[in-house]
Amino acid sequence: MLIDTHAHLNAPQFDEDRQQVIERAQQNGIRRIINVGFNRETIPSSIALAEQYDFIYSTVGWHPTDAKDMLPEDLEWLESLCRHEKVVAIGEIGLDYYWDTSPKDVQDRVFREQIRLARKVGMPIVIHNRDAHHDVVQTLREEKAAEVGGVMHCYSGSWETAKLCLDMNFYISFGGPVTFKNARQPKEVLQHVPLDRLLIETDAPYLAPHPYRGKRNESSYVRLVAETAAEIKGISVEELAEITTRNAMAFFRLK
Ligand SMILES: [Zn+2]
Ligand SMILES: [Zn+2]
């Protein structure tokens, strides 16, 4: 049994065969999927998917690349959606200095507003961080994110930064990139992350693991991430699956 803790199965890349992709995940032992809604378009379609399938849950949040589009009423909308029975976390939220499609000060404000919302409603947060390690950690600290806890999704930073996140009660999640042959740093960080703070994900349709690198990713491929993680940790895939599943159930408070 495995859980894909971060997917975008509502993305248009799955419009032709969404049903088959979801069935394939079930056939491969993926027992829960956390689907991530991150702006005005993807939040309703993510929740709709969670309503359609028992074993799919949804997050709601405003992605840093879309930060400039978030209006005050959107924050109220997010708050009202937190009461939905299939909504399990606020995310993905954070900072993205790579695409730089929203000014940094706007990203900062939108990030902080959503951490405050998470503390208000008592929900964990899913963090997107691209080339902004220092500012993300500092903001999480200043806004007391440790109170609700969170996950660093598709983690790509150093072990030093990971340690700071672990100190704040955070989980570290790994996706397809950790399976790449040349992924020295993610493999090294994974080796150090305590098993009880480890999560796995796909981020489908993006970042497909080896040997599908560059192709469309899907939830059933989380098994390949699990295999790599088990190898690095020196435990069986079954054991790794059991531990990461237990972590995900606890973190997202799933039944
Ligand atoms: Zn992301
Ligand atoms: Zn994502």
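Residues numbered from 1 in each chain as written. Chains lettered and ligands numbered in written order. Predicted model: local features only at pLDDT ≥ 70, side-chain atom pairs only at ≥ 80, totals over all residues. Heavy atoms only, no water.

Looking up the protein chain in an unreviewed UniProt entry gives the name Metal-dependent hydrolase YcfH, with the organism given as Paenibacillus allorhizosphaerae.

Trainee: Hey, could you go over the overall build of the protein chain for me, with residue numbers and the actual values?
Mentor: Across its full length, the protein chain carries 9 helices and 8 strands. Each principal axis of the C-alpha atoms in the protein chain carries an extent, and together these give about 45 × 40 × 35 Å. For the protein chain, the proportion of its 255 residues judged to be buried stands at 59%. The long-range share in the protein chain, meaning contacts at least 24 apart out of those at least 6 apart in sequence, stands at 71%. (Helix = DSSP H or I, 4+ residues; strand = E, 2+ residues; numbered from the N terminus. Buried < 20%, exposed > 50% of the residue type's maximum accessible area, 1.4 Å probe, protein only. Contact = heavy atoms within 4.5 Å.)

Trainee: I'd like to hear about the coordination of the zinc ion (ligand 1), residue by residue, with values.
Mentor: Protein coordination of the zinc ion (ligand 1) is provided by Glu 92 (OE), His 128 (ND1) and His 153 (NE2), with donor distances spanning 2.0 to 2.2 Å. For the zinc ion (ligand 1), the donor residues sit on a single chain with the sequence spacing E-x35-H-x24-H. Metal-to-metal, the separation of the zinc ion (ligand 1) and the zinc ion (ligand 2) is 3.5 Å; Glu 92 coordinates the two. Highlighted residues: His 128 in strand β5 (residues 125-130) and His 153 in the loop between β6 (150-152) and α6 (159-167), separated in sequence by 25 residues. Taken individually, His 128 and His 153 each receive the classification buried, so the pair is uniform in this respect. (Donors = N, O, S within 2.8 Å, 3.2 Å for Na, K, Ca; no water.)

Trainee: If you had to explain the coordination of the zinc ion (ligand 2) to someone new, which residues and values would you point to?
Mentor: Within the protein, His 6 (NE2), His 8 (NE2), Glu 92 (OE) and Asp 203 (OD) serve as the donor atoms for the zinc ion (ligand 2), at 2.1 to 2.4 Å. Relative to the metal, the 4 donor atoms surrounding the zinc ion (ligand 2) lie at angles of 85 to 179°, and the coordination shape comes out irregular. (Tetrahedral: all angles 85-135°; square planar, octahedral: opposite > 155°, others 65-115°.)

Trainee: Can you lay out the packing of helix α3 (residues 72-81) against helix α4 (residues 104-121) for me, pointing to particular residues and giving the numbers?
Mentor: Remark: α3 packs on α4, axes separated minimally by 11 Å, with the N-to-C direction vectors making an angle of 30°. Taken together, α3 and α4 sit at an angle that is classed as roughly parallel. In this structure, α3 crosses over α4, and the sense of that crossing is right-handed. Here Leu 75, Leu 78 and Glu 79 of α3 lie close against α4, whose contacting residues are Glu 113, Gln 114, Leu 117, Lys 120 and Val 121. Its residues assigned to classes, the contact of α3 with α4 shows 4 nonpolar, 1 polar and 3 charged. (Axes fitted to C-alpha atoms, helices over the stretch in contact; angles between N-to-C directions. Parallel < 35°, antiparallel > 145°, perpendicular 65-115°, else oblique. Left-handed = near helix turned anticlockwise from the far one by under 90°. Nonpolar A, V, L, I, M, F, W, Y, C, P; charged D, E, K, R; others polar.)

Trainee: Tell me about the nonpolar core, and name the residues and values.
Mentor: Among the nonpolar cores identified, the biggest contains 70 residues, and Leu 9, Ile 125, Ile 127, Leu 140, Met 152, Phe 170 and Ile 172 are the most heavily contacted of them. The biggest single contributor to this core is α4, with 6 residues. The contact partners of Met 152, leaving out residues within four places of it in the chain, are Ile 127, Asn 129, Val 136, Leu 140, Cys 165, Phe 170, Tyr 171, Ile 172 and Ser 173. Counting residues in hydrophobic clusters, the runner-up holds 14 residues, among them Ile 34, Val 88, Tyr 171 and Leu 254. (Core = buried A, V, L, I, M, F, W, Y, C linked by side-chain atoms within 4.5 Å.)

Trainee: So what's going on with helix α7 (residues 184-192)? Which residues, and what values?
Mentor: Residue pairs three or four apart in sequence face the same way in an α-helix, which turns once every 3.6 residues. Burial in α7 covers these residues: Pro 186, Val 189 and Leu 190. Angularly, the buried residues of α7 cover 100° about the axis, an arc narrow enough to put them on a single face. On its buried face, α7 sits against α6, β7 (171-174), β8 (198-200) and α8 (222-233). (Arc of directions from axis to C-beta.)

Trainee: Would you mind going over helix α5 (residues 133-142) in detail, with residue names and values included?
Mentor: Val 136, Val 137, Thr 139 and Leu 140 are the residues of α5 that are buried. Buried residues of α5, seen end-on, are gathered within an arc of 165° and therefore sit on one face of the element. Contacts from the buried residues of α5 go to β4 (87-96), α4, β5, β6 and α6. At the exit of α5 stands Lys 144, carrying a positive phi of roughly 55°.

Trainee: Could you give an account of the packing of aromatic side chains, with specific residues and numbers?
Mentor: Under the counting rule described, the total for this entry stands at 5 aromatic pairs. Ring geometry for Tyr 212 and Tyr 221: centres 4.1 Å apart, planes at 5°, overall stacked. Above the face of the Tyr 97 ring, Lys 104 is positioned so that its terminal group lies 4.3 Å from the ring centre. (Phe/Tyr/Trp six-rings, centres within 6.5 Å; stacked < 30°, edge-to-face > 60°. Lys NZ or Arg CZ within 6 Å of the ring centre and 35° of its normal.)

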